Amino acid sequence: MKKEIKITKEVIVSEVIKKYPKTSFVFMDYGLYCFSCPLAQDDTIEEAAKIHHLDLKFFLKDINKVVQKSSKK
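Predicted, not measured: the structure shown is a model, and the values here were computed from it.

Scanning the chain from terminus to terminus reveals four helices and zero strands. Across the chain, helices and strands are ordered from the amino to the carboxyl terminus as α-α-α-α. In terms of overall dimensions, the chain is globule-like: its C-alpha atoms have a radius of gyration of 12 Å, near the 11 Å expected for 73 residues. Projected onto the principal axes, the alpha-carbon positions of the chain cover approximately 40 × 25 × 20 Å. Looking at the chain as a whole, 37% of its 73 residues are labelled buried. The long-range share in the chain, meaning contacts at least 24 apart out of those at least 6 apart in sequence, stands at 64%. Of the roughly 5300 Å² of accessible surface on the chain, 59% is carried by carbon and sulfur atoms. Computing the positive centroid from 14 side-chain charges and the negative centroid from 10, the chain places the two 10 Å apart.

Turning our attention to the pattern of salt bridges. One side chain can pair with another of opposite charge once the charged atoms of both are near each other. This structure, assessed with the given rule, holds two salt bridges. Where Glu46 meets Lys9, a salt bridge forms, and the shortest distance between an N and an O atom there is 3.7 Å. One end of the pair, Glu46, is in helix H3 (residues 45-51); the other, Lys9, is in the segment before helix H1 (13-19), with 37 residues separating them in the sequence. What makes Lys9 partly exposed here is its relative accessible area of 33%. Residues Asp62 and Lys65 are paired through a salt bridge, measuring 3.7 Å at the closest nitrogen-oxygen approach. On the criterion of helical spacing, the pair formed by Asp62 and Lys65 is a turn pair, its members being three residues apart in helix H4 (residues 56-71).

For the rest of this paragraph, the subject is H4. Compared with the 22 Å implied by 1.5 Å per residue over 16 residues, the 22 Å span of H4 between its first and last C-alpha is a close match. Listing the buried residues of H4 in full gives Phe59, Leu60, Ile63, Asn64, Val66, Val67, Gln68 and Ser71. On its buried face, H4 sits against H1, helix H2 (24-29) and H3. Two to three positions downstream of the cap, the backbone nitrogen of Lys57 sits 3.0 Å from a side-chain oxygen, assigning the N-cap of H4 to Asp55.

Criteria and thresholds
- Residues numbered from 1 in each chain as written.
- Predicted model: local features only at pLDDT ≥ 70, side-chain atom pairs only at ≥ 80, totals over all residues.
- Heavy atoms only, no water.
- Helix = DSSP H or I, 4+ residues; strand = E, 2+ residues; numbered from the N terminus.
- Rg over C-alpha atoms; globule rule 2.2 N^0.38 Å.
- Buried < 20%, exposed > 50% of the residue type's maximum accessible area, 1.4 Å probe, protein only.
- Contact = heavy atoms within 4.5 Å.
- Areas by Shrake-Rupley, 256 points an atom, 1.4 Å probe, with all protein chains shown as cover.
- Lys, Arg positive; Asp, Glu negative; His and termini not counted.
- Charge placed at Lys NZ, Arg CZ, Asp CG, Glu CD.
- Salt bridge = Lys/Arg side-chain N within 4 Å of Asp/Glu carboxyl O.
- Expected span 1.5 Å × (residues − 1).
- Polar contact = N/O pair within 3.5 Å; in protein donor to acceptor, adjacent residues only side chain to side chain.

Spelled out as structure tokens, the structure:
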């Protein structure tokens, strides 16, 4: 059985985008266009959510939906 991949709040935003490029659409849907900015390369998902006043629970849920779809291919 294939292990389910799950992105957590501690994961670096740039690592998520690099490994799962389609997640960039989730970031943009939430108004985070700075994910490619050099100053934001070390931010975690949690830090990005705090900076942009996002609900971390829903943000992670949406990111993980895309990751799960990407990993099934």
